[in-house]
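Structural description and commentary
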Amino acid sequence: MATNFGLRMLILLLTATAVLAGWEEELDTVLARLTDAAFASASHESLQTLLPLLQADGSFSDLKYGQDGSNAFRTHGRRQSALMYHHVNGDDLTPEVISSFYYITYDAPDNPDTNWWGHVIGVPIVMWEGVTLARGLLSQELMTDFLDRYWVNTPAGPVWNTEDHSDTMSGGNFGPRAMLAEVEGLLRGTYSEVHMEVQEAMYRELAQRQPFGGNGLRPDGCLHQHNIQGDHATHHGYLDHTLSNIYNTGYGRELLRYASNLLTWYTGTSMDFEDDTIEGMFAAYLECQQWLFRGHTSEPTTCGRHLTDGSLTTLYGTRGAVRDTGNNLKKLGRHLEEVESVLHRYNNVLPDPEHALVGNKFFFNSDLTVHQRREYMASVRILSNRTTRPETWPPSQNGDGYFQGDGFLTVLVDGEEYGKPKTEVFLVYDWAKVPGVTNIYTTDIPQYRTGVYWSERFFNNVTFSGGVSDGLMGAVAMVTNRPHEPLRHLKSWFFFDDVIVALGSDISLGGEDVTGESVVTTLAQLVYDGSFAIGTASGEEVTPSWGSHEEEQPIWLHHRNISYVFLNGDERLSILADTRTHGSDEIDLFTAWLDHGTSPEGASHAYAVLPAADIGKTRDFAAAPDVEVLSKTSSLHVVCHRTSKTLGAVFVKAGATGASSCGDSGKLSLLVDAPCLALVSVSNESADAAELSVSLADPQQMYDVIRIKVTFDGREAEHTVQMPPVPKRGSSITIDVTV
């Protein structure tokens, strides 16, 4: 890729001049594609609804123009596109269309929205379909004046500002603004100049991969938006660069859906976008987005502050980021096999085997691990002083999401675990009971001052937070040290083929830190499926009724084809099945958690999660688990998965796992000289040799090399493992070892 901005701009100018004649000939093709895109996304609201509301002056009688911010203008824009949708389909609505544009251009009062977003994105993003479809009906003067009012002379400035470059703009704002700029250029006839500017800006946004700072595509393959800038981070002594957060189904979806839509208009023409720009879009889509959903449901921690907005949430996120982007990328005619598989998985919660995504991936810039199997997906979001917790804007937009980055464990089987569109469980969530998280229960969840991006409440003040992956299995771990929260502990999660093991150790709280509320580890908070079952210590199985239930020393819990098998033997399980109200909607929730008491001392937890498991499989696993917890101390977690002969280890400090057999293999031990995460799998063994695969990752992202010693049945092999350099620090390295 070229790195000299001036040289690239010169090349673009020369290229544009050379192809301008050919571009003029191809304008009809681009305009036809623009029209098709506008028609495809236009509102279908019925004329029976619209026409009685449309007044003689072109306004709609039920809208309060100038009194409700951007709402009336946005609704007017959608209705203009609906009028044109019906006009194109054979209803002659020429007078109605012209009057609606005349009113909104000349007679409508000023838009009083105090949020700049409403002016430069919110209103024009619902007006572009109508004006594109109506361009043959409107006079040049009316068209120009309409664009001047809503694209240029807005109270917040122009939609497309060449001085406001993409590297200082979040992708969720850049995507729609770039597309709207192209719409304006095509309708005005200034397309060539605008297109060059947009192409260069999109190159910076998508194709350049910077390890730190700004927004856009990062080395881990995901989009990072609304990060905390370096000056603010340094102010609190965290880092000297931008703290990173991933919002692929929040802001990222806006970049993906609008930029991919724009790319399709120019494909195959002489002013097509550059290959590296298009590949940047594919990279963002295939390297990251395909991992972040099951069916129509997005991974919740990547939704940003929109998680508790009833109109956006996880289900809406997939529509833009998966469905719309996938369909747009199909039009580009590249990577068709991969894109078809992504869309197949969107439309089929249990995909055909040939389209299934099977693997494990840790996004090392984001502290997010994702585990995909045909039958389910799972993820864990953790937190370090390199990353920020998922964004919250109190009081309404995920304002209580403080614990969301402390090990949020998502397990999705049917893709309906969070409920239906606009009535997802997050509207009534108890944010002090986040699945996977161990915390002091509280109804006073820490927040932060809106707009103060350096607030220390965003962070986990540790460097030991990360994950390791061999591509199929993985482990992730986090030392917890949240400012203003006294609880400290080590948490880890091990992802094997059909089982996840969650460990917590050294859970202690005493003295003045005791609040009277329990320290809890939450297992689940999902839509209630109507029944659940518990395997008890006495060997019985109980199916409690609606309401609350407590069980001492349970063996297992089953609900919604997800099971939890308890490995400590001393758990105190609490369950609540209740109805919560949001407006006129009633949402039934199932919540399960472990109670560690009000003042635990060295407490721990160990449980296995069985996704896509029925009660029969649950009983069999509980009777003979194929996982074994070998260590669960304050500095070492080790788990064996017997079926795959894989050992997963979390070393908070240098040390050894200790020798033990894993499955039917010989005795295996791993010694490391630095804190790290490791996976060791036995692939082949004989009487005098064994072949092993060793995967390592440095969760602190500070070591150049890690020295290891592998011992198998008394034989030893030593290796010095070169760890990935910047910008790949924190990613995994896998080596083959013969011993």
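Since this is a predicted model, take the numbers as computed values, not measurements.

1. Here we look at the sheet that holds strand 24 (residues 636–641)
Strand-to-strand pairing in sheets goes through backbone hydrogen bonds, with the strands running parallel or antiparallel. Here 6 strands make up an open sheet; going across it, the order is 23-24-25-29-30-33 and the pairing antiparallel. With one partner strand each, in any of the chains shown, strand 23 (627–632) and strand 33 (733–738) form the two edges of the open sheet. Adjacent strand axes in the sheet meet at a mean angle of 15° when their direction is disregarded. Bridging between strand 24 and strand 25 (residues 646–651) involves 6 bridges; their strand directions are antiparallel. Within strand 25, the residue paired with Cys 640 across the bridge is Leu 647.

2. A look at helix 11 (residues 251–266)
Taking 1.5 Å as the rise per residue, helix 11 with 16 residues should run 22 Å; its terminal C-alpha atoms sit 24 Å apart, in good agreement. Judged by how many residues are buried, helix 11 sits mostly within the fold: 16 of 16 residues are covered. Downstream of helix 11 by a residue or two, Gly 268 has a phi angle that is positive, lying close to 85°.

3. As for the environment of Ser 99
Mapped onto the elements, Ser 99 comes out in helix 4 (residues 94–107). For the pair Ser 99 and Asn 561, spaced 462 residues apart in the sequence, the C-alpha separation amounts to 56 Å. Setting aside anything within four residues of it in sequence, one finds Ser 99 in contact with Ala 56, Asp 57 and Gly 58.

4. Regarding the state of the cysteines
Counted by the stated rule, this structure contains 2 disulfides. The partner cysteine of Cys 222 in its disulfide is Cys 288, sulfur to sulfur 1.5 Å. Across the S-S bond linking Cys 222 and Cys 288, the dihedral sits near 75°, which makes this disulfide right-handed. Taken together, the residues span a long stretch of sequence, with Cys 222 in the loop between strand 1 (216–217) and strand 2 (223–224) and Cys 288 in helix 12 (residues 275–288) at a distance of 66 residues. When its relative accessible area of 0% is taken as the criterion, Cys 222 is described as buried. Residue classification places Cys 288 among the buried positions, given a relative accessible area of 0%. The disulfide bridge from Cys 640 ends at Cys 662, spanning 2.2 Å between sulfur atoms. Its S-S torsion of about 100° marks the bond between Cys 640 and Cys 662 as right-handed, since a negative value means left-handed. Here the residue Cys 640 occupies a position in strand 24, and Cys 662 occupies one in the loop between strand 27 (660–661) and strand 28 (667–672), the gap between them amounting to 22 residues. Cys 640 gets classed as buried once you look at its relative accessible area, which sits at 0%. Taking the relative accessible area as the measure of exposure, Cys 662 reaches 1% and is therefore buried.

5. Examining the packing of aromatic side chains
Think of a pair of aromatic rings as described by two things: how far the centres are apart, and how the planes are tilted against each other in angle. Taken as a whole, this structure holds 21 aromatic pairs when the rule is applied. Taken together, a centroid distance of 6.2 Å and an interplanar angle of 85° make the contact between Tyr 65 and Phe 73 edge-to-face. Side by side, Tyr 65 and Phe 73 carry an identical accessibility label, which is buried. Among the aromatic residues, those joined into a cluster by ring pairs are Tyr 65, Phe 73, Phe 101, Tyr 103, Phe 146, Tyr 150 and Trp 151. A cation sits over an aromatic face here: Arg 79 above Phe 60, 5.0 Å from the ring centre. The cationic tip of Arg 257 hangs over the ring face of Tyr 258; the distance from NZ or CZ to the ring centre is 5.2 Å.

6. Quick notes on helix 13 (residues 313–332)
The end-to-end C-alpha separation of helix 13 is 28 Å, in line with the 28 Å expected for 20 residues at 1.5 Å each. Along helix 13, the helix axis deviates most sharply at Thr 325, where the bend reaches about 30°. Counting buried positions over the 20 residues of helix 13 gives 14, a clear majority of the element. Gly 333, located one to two residues past helix 13, shows a positive phi value of around 75°.

7. What about the nonpolar core?
Grouped together as the largest cluster of nonpolar side chains are 86 residues, with contacts concentrated most on Trp 128, Trp 151 and Trp 265. Once residues lying within four places of it in the same chain are set aside, the contact partners of Trp 265 are Val 30, Arg 33, Leu 34, Ala 37, Trp 128, Met 179, Glu 182, Val 183 and Leu 186.

8. Focus on unusual backbone geometry
Residue Pro 727 is bonded to the preceding Val 726 through a cis peptide linkage, with omega at 10°. Within the secondary structure, Pro 727 is located in the loop between strand 32 (715–722) and strand 33. Phi angles above zero are rare outside glycine, and Gln 701 is one such case at about 55°. For Gln 701, the position within the fold is in the loop between strand 30 (690–697) and strand 31 (705–712).

9. Thoughts on the side chain of Asn 261
The topology assignment puts Asn 261 in helix 11. You can call Asn 261 buried: its relative accessible area is 10%. If we ignore the near neighbours within four places in the chain, the residues touching Asn 261 are Ala 37, Trp 128, Met 179 and Asn 328.

Procedures and definitions
- Residues numbered from 1 in each chain as written.
- Predicted model: local features only at pLDDT ≥ 70, side-chain atom pairs only at ≥ 80, totals over all residues.
- Heavy atoms only, no water.
- Pairing = 2+ DSSP bridges.
- Helix = DSSP H or I, 4+ residues; strand = E, 2+ residues; numbered from the N terminus.
- Axes fitted to C-alpha atoms, helices over the stretch in contact; angles between N-to-C directions.
- Expected span 1.5 Å × (residues − 1).
- Buried < 20%, exposed > 50% of the residue type's maximum accessible area, 1.4 Å probe, protein only.
- Contact = heavy atoms within 4.5 Å.
- Disulfide = S-S within 2.5 Å.
- Phe/Tyr/Trp six-rings, centres within 6.5 Å; stacked < 30°, edge-to-face > 60°.
- Lys NZ or Arg CZ within 6 Å of the ring centre and 35° of its normal.
- Bend = angle between axes of the 7 residues up to and from the residue.
- Core = buried A, V, L, I, M, F, W, Y, C linked by side-chain atoms within 4.5 Å.

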